[in-house]
Amino acid sequence: MRLIQRGLAALFLLTSLAFTGTASAADPAPTPAPAPAASSAASAAQAPDAVPESTVPAMRAQLDKIPQTIEDSGDEVAALIAQTDDISSQAQRFVASRTGPLADLNARLGELGTAPVKGAGTEDPDVTRQRTALEKERNALDADIRLARLVAVDAQQRGTDLRNQRRALFEARLLERASSPVGTVFWRNIAAAWPADKTRLTNLITEISTGLSTALRGPDRGNVIASLIGALLLAFIGSWGAEHGLTKLAARILPLGRLRRSLLALTTVAATSLIVGLAAQWGWKALQEAGDWGELAERLGEAVAMFMIFPGFVVGLGRALLANKRPSWRLPPIADAMAARMKPFPWLIALVCTMIWLTTEINTLVEASLASAVATHAATALGLSALVAIMLMRLRLSSIAEEIPEWRRSRTNAAESALTKAASKPAGEPAPTDVVAPDSPEAVRPLWVGLFIGAVAVLLIAICVLVATGYVALASFVASQMIWGGIVGAAAYLMFKFADDLFMATVSSNSSAGQRLQKTLNVRPQLLDQAAVLLSAVSRVLLAFYVVIALVAPLGTSPNEVFQRSGKLGTGFKIGQFELVPGAIFGALGVAAVGFALMALLKRWLDRSYLPTTTLEPGMRSSLTTLLGYVGGALVIGAALSALGIGIERIAWVASALSVGIGFGLQAIVQNFISGLILLAERPVKVGDWVVLGTAEGDVKRINVRATEITLGDRSTLIVPNSEFITKTVRNMTLANAEGRVLIRLPMPLTTDAARARDVMMAACAEHKTVLPTPEPSVSLDGIEGGFLIFQVIAYVPSPRLAGGVRSDLLFTILEELRTANLPLAAYAAAPMPAPPSADVPVSAAAPATPTTPMPPSATA
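Residues numbered from 1 in each chain as written. Predicted model: local features only at pLDDT ≥ 70, side-chain atom pairs only at ≥ 80, totals over all residues. Heavy atoms only, no water.

Asks: Describe the overall build of the chain, listing the residues and the values that go with them.
Replies: The number of helices and strands found in the chain is 27 helices and ten strands. Taking all 861 residues of the chain together, the buried fraction comes to 37%. Surface exposure of the chain reaches about 47,900 Å², of which carbon and sulfur atoms provide 63%. (Helix = DSSP H or I, 4+ residues; strand = E, 2+ residues; numbered from the N terminus. Buried < 20%, exposed > 50% of the residue type's maximum accessible area, 1.4 Å probe, protein only. Areas by Shrake-Rupley, 256 points an atom, 1.4 Å probe, with all protein chains shown as cover.)

Asks: If you had to explain unusual backbone geometry to someone new, which residues and values would you point to?
Replies: At the junction of T774 and P775, the peptide bond is cis and its omega measures out at -10 degrees in the coordinates. Turning to its location among the elements, P775 is positioned in the loop between α26 (754-767) and β9 (778-785). The phi dihedral of E367 falls on the positive side, at around 55 degrees, and the residue is not glycine. For E367, the location among the structural elements is in the loop between α13 (345-366) and α14 (370-395).

Asks: Hey, could you go over the environment of V670 for me, with residue numbers and the actual values?
Replies: On the secondary structure map, V670 appears in helix α24 (residues 667-682). For V670, a relative accessible area of 32% corresponds to the partly exposed category. Measuring from C-alpha to C-alpha, the distance between V670 and S723 comes to 9.7 Å, with 53 residues separating the pair along the chain.

Asks: Describe the environment of L263, listing the residues and the values that go with them.
Replies: Within the fold, L263 resides in helix α9 (residues 258-290). The exposure class assigned to L263 is partly exposed, which follows from its relative accessible area of 25%. For the pair L263 and M495, spaced 232 residues apart in sequence, the C-alpha to C-alpha distance is 9.5 Å. Non-local contacts of L263, meaning those with residues more than four positions away in its chain, are made with L254 and F498. (Contact = heavy atoms within 4.5 Å.)

Asks: Could you give an account of the pairing of strand β8 (residues 740-749), naming the residues involved and the relevant values?
Replies: Most of β8 is tucked away: eight of the ten residues are buried. Across ten bridges, β8 lies against strand β10 (residues 788-797) in antiparallel orientation. Bridge pairing in β10 places G740 opposite V797. (Pairing = 2+ DSSP bridges.)

Asks: If you had to explain the sheet that holds strand β7 (residues 731-732) to someone new, which residues and values would you point to?
Replies: The five strands lie next to each other as β6-β5-β4-β3-β7, forming an open sheet whose pairing is antiparallel. Each edge of the sheet is formed by a strand with only one pairing partner; in this case those strands are β6 (717-721) and β7. Pairing of strand β3 (residues 690-693) with strand β4 (residues 696-703), which is carried by four bridges, proceeds in the antiparallel orientation. Looking at β4, one finds that L693 is bridged to A696.

Asks: With reference to specific residues and values, describe the packing of helix α7 (residues 184-217) against α14.
Replies: Their axes nearest at 8 Å, the elements α7 and α14 cross at an angle of 120 degrees. Judged on the interaxial angle alone, α14 and α7 are oblique. As for the relative orientation of α7 and α14, their crossing is left-handed in sense. Across the interface between the two elements, F186, N189, I190, A193 and D197 from α7 touch A371, S372, V374 and A375 from α14. Of the residues contributing to the contact of α7 with α14, the split by class is six nonpolar, two polar and one charged. (Axes fitted to C-alpha atoms, helices over the stretch in contact; angles between N-to-C directions. Parallel < 35°, antiparallel > 145°, perpendicular 65-115°, else oblique. Left-handed = near helix turned anticlockwise from the far one by under 90°. Nonpolar A, V, L, I, M, F, W, Y, C, P; charged D, E, K, R; others polar.)

Asks: Summarise the side chain of S511; cite the residues concerned and give the values.
Replies: Structurally, S511 can be placed in the loop between α17 (472-506) and α18 (512-521). We classify S511 as buried; its relative accessible area is 12%. Side-chain polar atoms of S511 contact the backbone oxygen of A505, separated by 3.2 Å. Excluding anything up to four places from it in sequence, S511 contacts M504, A505 and T506. (Polar contact = N/O pair within 3.5 Å; in protein donor to acceptor, adjacent residues only side chain to side chain.)

Asks: Which residues make up the sheet that holds β10, and what are the values?
Replies: Taking strand neighbours across the sheet as the criterion, the three strands line up as β8-β10-β9 in an open arrangement whose pairing is antiparallel. Two strands close off the open sheet at either side, each with one partner strand: β8 and β9. Between one strand axis and the next, the sheet turns through 25 degrees on average, direction left out of account. Its contacts with the sheet place α26 against β8, β9 and β10, and it is angled at close to 20 degrees to β10. Of the strands in this sheet, β8 and β10 are in contact with helix α27 (residues 803-820), which crosses β8 at around 30 degrees.

Asks: Tell me about a nonpolar patch on the surface, and please be specific about residues and values.
Replies: On the surface, a cluster of nonpolar side chains totalling about 950 Å² of accessible area is made up of L212, L216, I225, I229, L232, L233, F236, I237, W240 and W347. At the level of elements, α7 and α8 (221-253) are the ones that each hand at least two residues to the nonpolar patch. The element best represented in the nonpolar patch is α8, accounting for seven residues. Along the chain, the position of L232 falls in helix α8. (Patch = residues over 30% accessible without salt bridge, like charges linked within 9 Å, V, L, I, M, F, W, Y side chains within 5 Å. Salt bridge = Lys/Arg side-chain N within 4 Å of Asp/Glu carboxyl O.)

Asks: A description of the confidence of the model for the chain should follow, citing residues and the corresponding values.
Replies: In this model, the chain carries an average pLDDT of 77, and 76% of its residues clear a pLDDT of 70 or more. Looking across the chain, the model is least confident in helix α3 (residues 36-46), with a mean pLDDT of 36, and most confident in helix α11 (residues 309-322), with 93. Low pLDDT, under 50, characterises residues 425-443; the stretch is placed with 21 contacts to residues that sit more than four places away or in other chains. (pLDDT = per-residue confidence, 0-100.)

Quick look at the structure:
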């Protein structure tokens, strides 16, 4: 889990590590003389040759040397925090290395058994002596482990206290007020401190000049010059060549789609940062080995070589997102003209940030005066604000409607068309009121663009006001955060795009990889699409977590703490009485995914392979697979909750809490669920049965958790709650007997030869192939109704579903045979239709006609 977190955080950590100096420009002015305790502890922490022994007393001694309070929030405090983290890591390694031997000693003591009770008997002296030695060794090892754990806890607590104190000092000094640059006191302070600052700066310049002269005039002069030229070529030509090479490689290897665009942008940023960083290290190492550098100059060179990763990252990020030479590969939806105007700004941002960082770093190295630090803060605030103002003016955001991207032009064309139609309308018709002119900024500018411009303008005004009133540290911090937020936002946009494109290109059903997964795993396309969206959402959440950490990194913390914070969150955090552990959450999700996948495979195997070989009927098979799905789903959910750390007692507590809600609002749902279980267990109604429920009848298609699906005769589906089958009367046509009955009632005159009519009807039933011989069909004289003989024909068929068709066939046959045998059915006069009302008579006065003869009974089944 931590490897995944570190991999996702690498891009933001790269920028954070490089931008530490720029962010520190907002820190308060460094104190020339730090506290003695902090200085001594920091010197002990920075001693490279002091390798502490991995013993508990040595770790405790190191921890006791770290002060509990600090008076500064500079690099010395960062060294102290790093030392506490190192002591904690040593203690944890100490515990881990001795946990195994302690378990071995406990096992050996368990084999020897417990010592006999006094007076209960004697044992071999060798066994007693061996047990005593093992217990002594075990107790000593256990005591060391306990003490080491205590040291680890104390070190973590000490580091947490130091971080909190540093953050408090940082926040307090941000609000310190200095002399205003618009007043004379500010400039008098600079003039008064200039002689001392000039002396310190001269010493640094002398060291740099000495180092350069010895490196460029020494015996290795040629190698140094060649290395410097090679480093410059690598930084500029190498990054350019890497970008073009990656573009050709992506176009040749990767398939068409969005993934290759975002992947190319990401690799361009990484390659540019890496190449520029390697070039800086190459040039500095050549100068360092050939020259005679002083302590301050060497520290400055090391810092510059490390910082060059940041401008390389900014330039690479700008080139990757703008893609001026390949517009079709551009990720943001911006026009070519706007991208061309933004082309110089990545270089300007990198240059201004480098100059500000270099000034701040020099102030720190030479221990410049407070006036110099205040002036640096003011220059930082004004310089970064001027850069943002120039950027806004250059982009002409106030007239962004002139350079809208292609996906906005359709809306403009629609507006123009609407205006044209409105102008061509006749004078009498009203013109539409909801049409916006195409040249109006409101027609194309989203709301968030206006809000963003307003917020930036307010920040620029606030920075100028803060500088004018003397709050230069706060103004410098706000300006630095404004630039830093833009860089982090651009990097986050790139990472979000890459995460979306990655999962859509590898998991989605529309991709070739997704189609191969669909064929291999035999899953539905919708399931792959859902998985792609969920994986993209999870990756976005993780990326957003690191984006927030990167945004708050300058707030009194160092970028190195990103790993520590993510590691702490990896160990879990509490919400009330419940502790959430990210590793346990992913483990629970994995258990649920694997469990449900195995259940789906098992149900498919039972339904398609095993159950068809048994003598069970289809309805019973469906009931068994459904019950298995319920039981398996409950087991998988229980296993997932156990992996999440939720025990049975917590589940019982949740169930008891839910019982109140069930009692009020979920009664019907629970009733239907229990009714579904009863239907599957007792099986009064099963899949495939023909049921009659009220006025509806049809075949049971599926018994779900809450309701049952019934397919009606017109091919429609009736959704019936399961409780209806338990609490109401249901007629199951195929429950106990699968045979169907055909019933026909025919009216005939009183003069009809009843015996001949009976023979005709019996012959028709005997000739039909579907009519069962057993039970044999029957024809009976049901009685006399309305002056007619009522014959009743009863026949049986193999299934009730065949009764309607057989009845129709028998009627056709019987009517034909009766006509052939001169045995007519009862003749009756049809009822005349009601006469329509006259035009002169109201509708209510028209009386319907009455039939002259009674209507005989109709034939029924």
